[in-house]
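Single-letter residue listing:
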Amino acid sequence: MVAQAQALEANPPISLDTGIVEAAEAALGAIGAARTEIGRVIFGQQKVVDLSLITLLAGGHGLLVGVPGLAKTKLVEAMGNVLGMSARRVQFTPDLMPSDILGSEVLDESADGKRHFRFIKGPVFAQLLMADEINRASPRTQSALLQAMQEHHVTVGGERYDLPAPFHVLATQNPIEQEGTYPLPEAQLDRFLLEIDVAYPDREAERRILLETTGASEHKPAQAMTAETLMSTQRLVRRLPVGDAVVDAILDLVRSARPGEGSDNAITEKLAWGPGPRASQSLTLACRARALVEGRLAPSVDDVAALAIPVLKHRVALTFAARADGETVEGIIGKLVERLG
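Here the structure is a predicted model, which is why all the values come from computation and not from measurement.

S.K.: Which parts of the structure should I look at to understand the overall build of the protein chain?
M.R.: Each helix and strand counted, the protein chain has 16 helices and eleven strands in total. In terms of its C-alpha atoms, the protein chain occupies a principal-axis envelope of roughly 85 × 50 × 45 Å. Taken over 341 residues, the protein chain has a buried fraction of 46%. Looking at the protein chain alone, contacts between residues at least 24 apart form 76% of all its contacts between residues at least 6 apart. Counting only carbon and sulfur atoms, one obtains 51% of the accessible surface of the protein chain, whose full area is about 16,900 Å². Taken as two groups, the 34 positive and 43 negative side-chain charges of the protein chain have centres that lie 3 Å from each other.

Shown next as structure tokens:
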């Protein structure tokens, strides 16, 4: 009882509007069904599935990082089917041009001989765009996604073209250092809500993969949501209340990851640059979405700790001296999380 009282004192109950509770109850069933259906084709990667769902429920974009052959492409395909979104895939290559993504204008001639330009939409005009091996393309082509990811519209030939709603980018990236790869610029990395590491499956999961994916037939996930349901759930996520303890934890964590901001000089002196306010916004939305995925109506400090690395990893850089000493971004963020208590 004493521990429970201390917990309530640290995180006082939050009054919830009746409309939020009713909307959340309806959303929880759809989210649970979506997780189940995706789990029928993606084995041993429940954390990756949950983080990908959190990304979309929070209205953001995700960067899936892992070696080839870990079902990153299959995950995006399954999510498009399960969530009822129109999905397209772009295989990024060194010779890919911005027009290959955005679209281009062609000159048409009508029956009466008049000529006019007609815009042919590119694959970016989809509700879910998979940018496969995004670090294979040149910076010029990578930058073509910047406006689309942030503004949800593109400009071609001086004309604005709005993208479908909802619009999300799930990009994949191989962490292997090879020729023909271009590191993503910091401005584009910051557009990704989460960086999701895709690890090797365990032995039992890999056994299931062997048995269920090499036969004559393969399971197809059923649709569990629609694009309209997804957008209503995204609006619900923004309405979920956030307690003062959670807000303070987010601010403490993000600000301590900036050079010269944190109180521990032994940590901050190892940082070359840190996250901006967009990281705080991303962490707030992701915590709300994680609470909903786990069946709760308000986030807790545990959500902040669980999402710290996916939100901050691609927004923090270490100094050369820190890297030479064997420090890692994940290790530094882990130390900052420990300071949250």
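Further notes follow.
S.K.: Before we go on, may I ask you to explain the nonpolar core in this structure?
M.R.: Nonpolar side chains tend to gather and get buried jointly when the protein is soluble and globular. Among the nonpolar cores identified, the biggest contains 68 residues, and Leu83 and Leu283 are the most heavily contacted of them. The dominant element in this core, judged by the number of residues it contributes, is helix α13 (residues 277–293), at eight residues. Those residues in contact with Leu283 that lie beyond four places of it in its chain are Ile250, Leu253, Val254, Val304, Leu307 and Val311. If you look at the next biggest cluster of nonpolar residues, it comprises 28 residues, including Phe125, Phe167, Val169 and Leu189.

S.K.: When you look at unusual backbone geometry in this model, what are you seeing that I'm missing?
M.R.: For residues besides glycine, phi is generally negative; the peptide bonds are generally trans as well. With an omega dihedral of -5°, the bond running from Ala165 to Pro166 counts as a cis peptide bond. Turning to its location among the elements, Pro166 is positioned in the loop between β7 (159–162) and β8 (168–173). With phi around 55°, Glu133 is a residue other than glycine that occupies positive phi space. Relative to the elements of secondary structure, Glu133 occurs in the loop between β5 (128–132) and α6 (139–142). Here His152, not a glycine, exhibits a phi torsion of approximately 60°, which is positive. Mapping His152 onto the fold places it in the loop between α7 (144–151) and β6 (153–156).

S.K.: What's the story with the pairing of β8 in this structure? I'm lost.
M.R.: Where a strand is regular, its side chains alternate between the two sheet faces. With six of six residues buried, β8 lies mostly within the body of the structure. Residues His168, Leu170 and Thr172 of β8 are buried on one face, and the alternating residues Val169, Ala171 and Gln173, pointing to the opposite face, are buried as well. Note: strand β1 (residues 62–65) against β8, four bridges, orientation parallel. Bridge pairing in β8 links Leu64 to Thr172. Bridge count for β5 against β8 is four bridges, and the pairing is parallel. Looking across to β8, one finds that Ala131 is bridged to Ala171.

S.K.: How should helix α11 (residues 244–256) be read in this particular structure?
M.R.: The periodicity of an α-helix, 3.6 residues per turn, causes residues three or four positions apart to be oriented the same way. With 13 residues, α11 should cover 18 Å at 1.5 Å per step; its first-to-last C-alpha distance of 18 Å lies within 8% of that length. For α11, every residue scored as buried is listed here: Val246, Ala249, Ile250, Leu253, Val254 and Ser256. Buried residues along α11 sit in contact with α12 (265–268), β10 (271–273), α13, α14 (301–312) and α16 (329–338).

S.K.: Honestly, the packing of aromatic side chains in this entry has me stumped. Any pointers?
M.R.: All told, the structure shown has two aromatic pairs when counted by the stated rule. Residues Phe119 and Phe125 carry aromatic rings whose centres are separated by 6.0 Å and whose planes lie at 70° to one another, so their mutual orientation is edge-to-face. Here Phe119 falls in the buried class, since its relative accessible area comes to 15%. Between Phe119 and Tyr161, the ring centres sit 4.1 Å apart and the planes meet at 20°, which makes this aromatic pair stacked. Of this pair, Phe119 sits in strand β4 (residues 115–121) while Tyr161 sits in strand β7, placing them 42 residues apart in sequence.

S.K.: In this structure, what is going on with the environment of Gln173? I would like to understand it.
M.R.: Tracing the backbone through its elements, the reader meets Gln173 in strand β8. Along the primary structure Gln173 and Asp132 are separated by 41 residues, whereas in three dimensions their C-alpha atoms are 7.1 Å apart. The contact partners of Gln173, leaving out residues within four places of it in the chain, are Leu63, Leu64, Val65, Gly66, Ile134, Asn135 and Leu184.

S.K.: Got a minute to help me understand the packing of α11 against α13 in this structure?
M.R.: For the pair α11 and α13, the least separation of the axes is 10 Å and the interaxial angle reads 140°. The two elements α11 and α13 meet at a crossing, and its hand is right-handed. Packed against α11, whose contacting residues are Ile250, Leu253 and Val254, the element α13 presents Ala279, Ser280, Leu283 and Thr284 at the interface. For the contact of α11 with α13, the residue count by class is five nonpolar, two polar and no charged.

Analysis parameters
Residues numbered from 1 in each chain as written. Predicted model: local features only at pLDDT ≥ 70, side-chain atom pairs only at ≥ 80, totals over all residues. Heavy atoms only, no water. Helix = DSSP H or I, 4+ residues; strand = E, 2+ residues; numbered from the N terminus. Buried < 20%, exposed > 50% of the residue type's maximum accessible area, 1.4 Å probe, protein only. Contact = heavy atoms within 4.5 Å. Areas by Shrake-Rupley, 256 points an atom, 1.4 Å probe, with all protein chains shown as cover. Lys, Arg positive; Asp, Glu negative; His and termini not counted. Charge placed at Lys NZ, Arg CZ, Asp CG, Glu CD. Core = buried A, V, L, I, M, F, W, Y, C linked by side-chain atoms within 4.5 Å. Pairing = 2+ DSSP bridges. Expected span 1.5 Å × (residues − 1). Phe/Tyr/Trp six-rings, centres within 6.5 Å; stacked < 30°, edge-to-face > 60°. Axes fitted to C-alpha atoms, helices over the stretch in contact; angles between N-to-C directions. Left-handed = near helix turned anticlockwise from the far one by under 90°. Nonpolar A, V, L, I, M, F, W, Y, C, P; charged D, E, K, R; others polar.

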